[in-house]
Amino acid sequence: MRMTNQREIILEELRGTTSHPTADELYLMVKKRLPRISLATVYRNLEQMADLGIIQKIDTAGSQKRFDGNPELHYHIRCVRCGKVEDLSLEPVSSLERLKDAGEFAEYRIIGYRLDFVGICPECQAKEKDH
Ligand SMILES: [Zn+2]
Ligand SMILES: [Zn+2]
């Protein structure tokens, strides 16, 4: 049996999904391959990989942190009803990228920005019509 380390398996599972899972969700996925892994281990590896820029951490106020296996800049859209997060096929707005690089804002050293779209997903729209 080839020895694969836990982090590689966590990364494989995360890259294999587009659902932007929470640590809990990813834990359940990884557990199928590594029955003895703990949630704390999954969580720690996710945080470390996010710090290294291998993956992205999606922090949204009021909801659980989600993780994204795609480290490239892209925008997300979140459903305010069911909380799911999907990728938005919109090119990053280059004027915002320039502002970030120029660091034109007061005394701050700009390290990034957040641009999140929120809406109601097709499934939740359909549910609302049923009522
Ligand atoms: Zn929804
Ligand atoms: Zn994404």
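Right above here is the structure, for reference.
Residues numbered from 1 in each chain as written. Chains lettered and ligands numbered in written order. Predicted model: local features only at pLDDT ≥ 70, side-chain atom pairs only at ≥ 80, totals over all residues.

A.B. asks: Mind showing me how you'd approach the pairing of strand E4 (residues 85-88) here?
C.D. replies: Looking along a regular strand, one sees the side chains alternate between the two faces of the sheet. Sheet analysis places strand E3 (residues 75-79) next to E4, joined by 4 bridges and oriented antiparallel. The residue bridging Arg78 from the neighbouring strand is Val85, located in E4. Linkage of E3 to E4, two consecutive antiparallel strands, is achieved through a turn of 5 residues, within which Gly83 is found at a positive phi near 85°. (Pairing = 2+ DSSP bridges. Helix = DSSP H or I, 4+ residues; strand = E, 2+ residues; numbered from the N terminus.)

A.B. asks: What's the story with helix H3 (residues 39-51) in this structure? I'm lost.
C.D. replies: Every α-helix carries 3.6 residues per turn, so stepping three or four residues along brings you back to the same face. When the terminal C-alpha atoms of H3 are compared, their 18 Å separation across 13 residues agrees well with the 18 Å that a helix rising 1.5 Å per residue should span. Listed as buried for H3 are Val42, Asn45, Leu46 and Met49. The buried residues of H3 occupy one face: seen down the axis, they fall within an arc of 100°. Facing away from the buried side of H3 by over 90 degrees, the exposed positions are Ala40, Gln48 and Asp51. Buried positions along H3 lie against helix H1 (6-15), helix H2 (23-31) and strand E2 (66-68). Gly53 sits one or two positions beyond H3 and adopts a positive phi of about 80°. (Expected span 1.5 Å × (residues − 1). Buried ≥ 20, exposed ≤ 12 C-beta atoms within 10 Å, placed from the backbone. Arc of directions from axis to C-beta. Contact = placed C-beta atoms within 7 Å.)

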